[in-house]
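# Notes for the structure review
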Amino acid sequence: MECAQEHEECLVQTQMYSVERPIYNQELLQEQLHQKEKPSQPLSQRIAHSCRCTSKKAKSHLYSFLPILLWLPRYPVKAYLLGDIISGISTGVMQLPQGLAYALLAAVPPVFGLYSSFYPVFLYTFFGTSRHISIGTFAVISMMVGAVAVREVPDERFDILESNSTNSTEIRDNLRVQVAVTLALLSGIIQLCLGLLRFGFVAIYLTEPLVRGFTTAAAVHVFTSQLKYLLGVKTKRYSGALSVLYSIYAVFSNITDTNIAALVVGLTCIVLLLIGKEINVRFKNKLPVPIPMEIIVVIIGTGVSAGMNLSDTYGVHIVGNIPKGLRAPAIPDMGIIQQVFIDAIAIAIVGFSMAVSMAKIFALKHGYTVDGNQELIALGICNSVGSFFQSFPITCSMSRSLVQESTGGKTQVAGTLSSIMVLLVIVAIGYLFEPLPQTVLAAIVMVNLKGMFKQFADIPHFWRTSKIELAIWVIAFLASVFLGLDYGLLTAVAFAMITIIYRTQSPQYRILGQIPNTDVYCDVDTYEEVKECPGIKIFQANASLYFANSELYLNALKKKTGVDPCAILAARKKAQKRHAREMKQADEFKKKAVLKLTSDVETSVKHEIANDELPLNGKFASADANAQDTSPDELEHFMEPMGKVHSLILDFTPVNFVDSVGAKTLKSVIKEYEEIGVGVYISGCSGPVVDDLTRLKFFEKSITRDLLFHSVHDAVLTCQLKAVSVSQAALNH
């Protein structure tokens, strides 16, 4: 076996290929290729065709809008039903306590968490394309909702009402519920519109480092908001900038009022939950289903609270009234749309991003696809329809989704069963949980943040892999912690956009060289074996050429190649001026010398005539020799390009597009380098880039498609052939 493996590796290492073909430039390549004829239709026909409705098209749209019609008739009962039942029950027993707990985060009474765990979950079964994610309440979205509700309905507004013996808490809660359900309606409409307009790609702007930094900051917000419930102290809830610091200060300012009974119950629940989760992780392969510690803690906490009468005896805050049955549908408050619209956009995008990222993970693992646009539509329907039944914004829960998938869930039948379990609690046994201490719910929330706090490990990871992604993570975290989740998210997205601009404005510039006896070209500064082709500079930038980086591209080109046409032309002009000045000085010196010689000759002749002597010819020859003090090769020295470079190749393989500024930059490069005798060629242009250059009228007058080459090697061979022909012509001359 090992011998066969070594033989295979040897074959891979020694495989070679040999190809004989012409040297292709763009013009020659286009002559040998024939474009396919694409029938063009008038705009009116295209519109009519898109609006035409056939039975096949209608059926396709119906299946796309209601995916349940596609998979439910083919549902394999024997293979899937048992797993879906176990998964639905397991997820349902998590859905119940988390719904109650996350309602506190949303600043609404616990029963509204149950509503949010029923209606949206049930609706997603019909419209969603993921088979495994669990829709419902989630800590991050609930915290964002709670921040808006507290901002719009602050505690201070009810101090006067309390002095007038009015039930201020009930009024405050009702107003906050109106804010929460209006947010659900707005975020749902936004998601629905984005889905219908096929804007599912918006999630790509929330990169993984941004989302992880943001959710870690949200975990900090959630944790600090639950401290008062864990300690049993009364403090107002803060929102906006520095709300985390204000909350911590408020809790520790009232630390002396800690309710010991609430603290003991809460810490006990935390310990039990951590032990249960650790057992589930360590014995995951041996346990048929995870131990539902959350519902166990809720049942134990409710029983202890009811048996010991913790509320009256020790002053422990409890859940309180849970109305029996479902509420009649009601229209959300439209009067506050303007105040919460921006927050609804943030909630809609964050909620969709979390849901679709989790859905794609499960789809990749189990071999099916999810439609991002349909996920937007599904979430939009869940939120907007649910708002009429008093549910607040929802998204995918990571912890429940993992349970739903790991316990054998195959389809959203599991989600439907979990929602039915919540429905049974609402209509039948909800009142049994009224004695449940709020500190138990706080413990559940805090323990569920464990996974988010583990994301701090991203910092050393990104430090090793990408400093830019680390910066995005840190900015998203710090901005969201100190500015609040809404402005923090906007700041993080803006910073992520800036990093994109920075990357395109600061690409890596390389000079390429040839691996000897191959057509492969690599960075000369990276590999020792790579050698530059004599007289040829190959320049590559791993970015597109457009208005934001054209000047940087030009500067880097001159710096990397060592050939600056402006500097060479300036040196030539300077040399020419100096040469002209020296020639003028030589002429003046010659004239003076001639005049002096003439005067001396006349005197000498007179003297020699008197003495019968003649002048020596050597005096005249010496004077002429002194006048010729300019070297004949000096001008030629200044006229040579630096390093005797005769060709410059611009490798456009990484370039995706060129705009008008980039095209003008290319024209100026070609013109400037031609003035100093350096030919400029472009290699590796993709079809869209060639189309861009054609549309921008780049090819005109002296610039033809002969400058474009299929590959770097084609351009190099052309440059070498031209250099040889020029040398031979010079020798013949």
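Residues numbered from 1 in each chain as written. Predicted model: local features only at pLDDT ≥ 70, side-chain atom pairs only at ≥ 80, totals over all residues. Heavy atoms only, no water.

Here the focus is the overall build of the protein chain. Of the regular secondary structure elements, the protein chain holds 32 helices and eight strands. Taking all 733 residues of the protein chain together, the buried fraction comes to 45%. Restricting to contacts in the protein chain with at least 6 residues of sequence separation, those with at least 24 account for 82%. Surface exposure of the protein chain reaches about 39,200 Å², of which carbon and sulfur atoms provide 62%. (Helix = DSSP H or I, 4+ residues; strand = E, 2+ residues; numbered from the N terminus. Buried < 20%, exposed > 50% of the residue type's maximum accessible area, 1.4 Å probe, protein only. Contact = heavy atoms within 4.5 Å. Areas by Shrake-Rupley, 256 points an atom, 1.4 Å probe, with all protein chains shown as cover.)

The next point concerns the layout of surface pockets. Approximately 1,300 Å³ is the volume found for the second largest pocket. Lining the second largest pocket are 37 residues, with Thr169, Arg172, Asp173, Arg176 and Gln438 positioned closest to its centre. Mapped onto the lining of the second largest pocket, the elements with two or more residues apiece are helix H7 (110-116), helix H10 (159-163), helix H11 (168-196) and helix H12 (208-231). For the lining of the second largest pocket, the leading source of residues is H11, giving seven residues. Residues of the lining of the second largest pocket, tallied by class, amount to 14 nonpolar, ten polar and 13 charged. (1 Å grid on protein atoms, 1.4 Å probe; cavity = no way out; pocket = protein on both sides within 12 Å on 5 of 7 lines; lining within 4 Å. Points joined across faces, edges and corners; volume = space filled by probe spheres on them. Nonpolar A, V, L, I, M, F, W, Y, C, P; charged D, E, K, R; others polar.)

What follows deals with the packing of helix H14 (residues 260-282) against helix H21 (residues 438-448). Remark: H14 packs on H21, axes separated minimally by 8 Å, with the N-to-C direction vectors making an angle of 35 degrees. Between H14 and H21 lies a crossing of right-handed hand. Across the interface between the two elements, Ala262, Val265, Gly266, Cys269, Ile270, Leu273, Leu274 and Lys277 of H14 pack against Thr439, Val440, Ala443, Ile444, Met446, Val447 and Asn448 of H21. The residue inventory of the contact of H14 with H21, partitioned by class, reads eleven nonpolar, three polar and one charged. (Axes fitted to C-alpha atoms, helices over the stretch in contact; angles between N-to-C directions. Left-handed = near helix turned anticlockwise from the far one by under 90°.)

Here we take up the packing of aromatic side chains. Across all of its chains, the model carries 20 aromatic pairs by this definition. Plain terms: the ring middles of Phe122 and Phe126 are 5.4 Å apart, the flat faces sit at 65 degrees to each other, and that makes the pair edge-to-face. Of this pair, Phe122 and Phe126 both sit in helix H8 (residues 119-127), four residues apart, which is roughly one turn of that helix. Each residue in the set Phe118, Tyr119, Phe122, Phe126 and Phe389 is aromatic and connected to the rest through ring pairs, giving one cluster. (Phe/Tyr/Trp six-rings, centres within 6.5 Å; stacked < 30°, edge-to-face > 60°.)

Bringing the pairing of strand S6 (residues 647-651) into the picture now. Burial analysis of S6 places five of its five residues in the buried class, which makes it a mostly covered element. Where burial is concerned, the two faces of S6 agree: the one with Ser647, Ile649 and Asp651 and the one with Leu648 and Leu650 are both buried. Relative to S6, strand S5 (residues 536-541) runs parallel, the two sharing five bridges. Considered in S6, the bridge of Lys537 is made with Leu648. The sheet contact formed by S6 and strand S7 (residues 679-683) spans five bridges and is parallel. Pairing of Ile649 across the sheet is with Tyr681, part of S7. Considered for its hand, the β-α-β crossover made up of S6, helix H30 (residues 660-675) and S7 is right-handed. (Pairing = 2+ DSSP bridges. Right-handed = clockwise from strand over helix to strand, strands pointing away.)

Okay, a nonpolar patch on the surface next. On the surface, a nonpolar cluster with roughly 940 Å² of combined accessible area is contributed by Leu242, Leu245, Tyr246, Phe341, Ile342, Leu478, Phe482, Leu483, Tyr487 and Leu490. Contributions of two or more residues to the nonpolar patch are made by helix H13 (243-253), helix H17 (337-366), helix H24 (467-483) and helix H25 (485-505). Residue contributions to the nonpolar patch peak at three residues, all from H24. Residue position: Phe482 is located in helix H24. Judged by relative accessible area, Phe482 falls into the partly exposed class, the value being 36%. (Patch = residues over 30% accessible without salt bridge, like charges linked within 9 Å, V, L, I, M, F, W, Y side chains within 5 Å. Salt bridge = Lys/Arg side-chain N within 4 Å of Asp/Glu carboxyl O.)

Moving on: the pattern of salt bridges. Scanning all chains against the criterion turns up twelve salt bridges. We note a salt bridge from Glu152 to Arg151, for which the minimum N-O separation is 3.0 Å. Assessed through its relative accessible area of 33%, Arg151 is described here as partly exposed. Note that Asp458 and Arg212 form a salt bridge whose closest N and O atoms lie 2.6 Å from each other. Residue Asp458 is located in helix H23 (residues 458-465), and its partner Arg212 is located in helix H12; the two are separated by 246 residues in the primary sequence. A relative accessible area of 9% means that Asp458 is categorised as buried. Judged by its relative accessible area of 25%, Arg212 is partly exposed. Through salt bridges with shared partners, a single ionic network connects Arg151, Glu152, Asp343 and Asp486.

The subject of this paragraph is helix H15 (residues 293-308). Counted at 1.5 Å a residue, the expected span for H15 with its 16 residues is 22 Å, and the 22 Å between its end C-alpha atoms agrees. Within H15, burial applies to Met293, Glu294, Ile295, Val297, Val298, Gly301, Thr302 and Ser305. Considering only its buried residues, H15 is in contact with helix H6 (77-105), H14, helix H16 (310-314) and H21. (Expected span 1.5 Å × (residues − 1).)

What follows covers the side chain of Thr182. Summarising the element assignment, Thr182 is placed in helix H11. When sequence neighbours within four positions are dropped, the list of residues in contact with Thr182 reads Pro332, Asp333, Ile336, Ile337 and Val340.

This brings us to the confidence of the model for the protein chain. Looking at the protein chain, the pLDDT average stands at 83 and 89% of residues meet or exceed 70. Scored below 50 in pLDDT, residues 160-166 shows four contacts in the model against residues more than four places distant or in partner chains. Counting interchain partners and residues more than four positions distant, the pLDDT-below-50 stretch residues 608-642 has 31 contacts. (pLDDT = per-residue confidence, 0-100.)

This brings us to unusual backbone geometry. Notably, Leu242 is not glycine yet its phi reads approximately 60 degrees, a positive angle. Among the secondary structure elements, Leu242 is positioned in the loop between H12 and H13.

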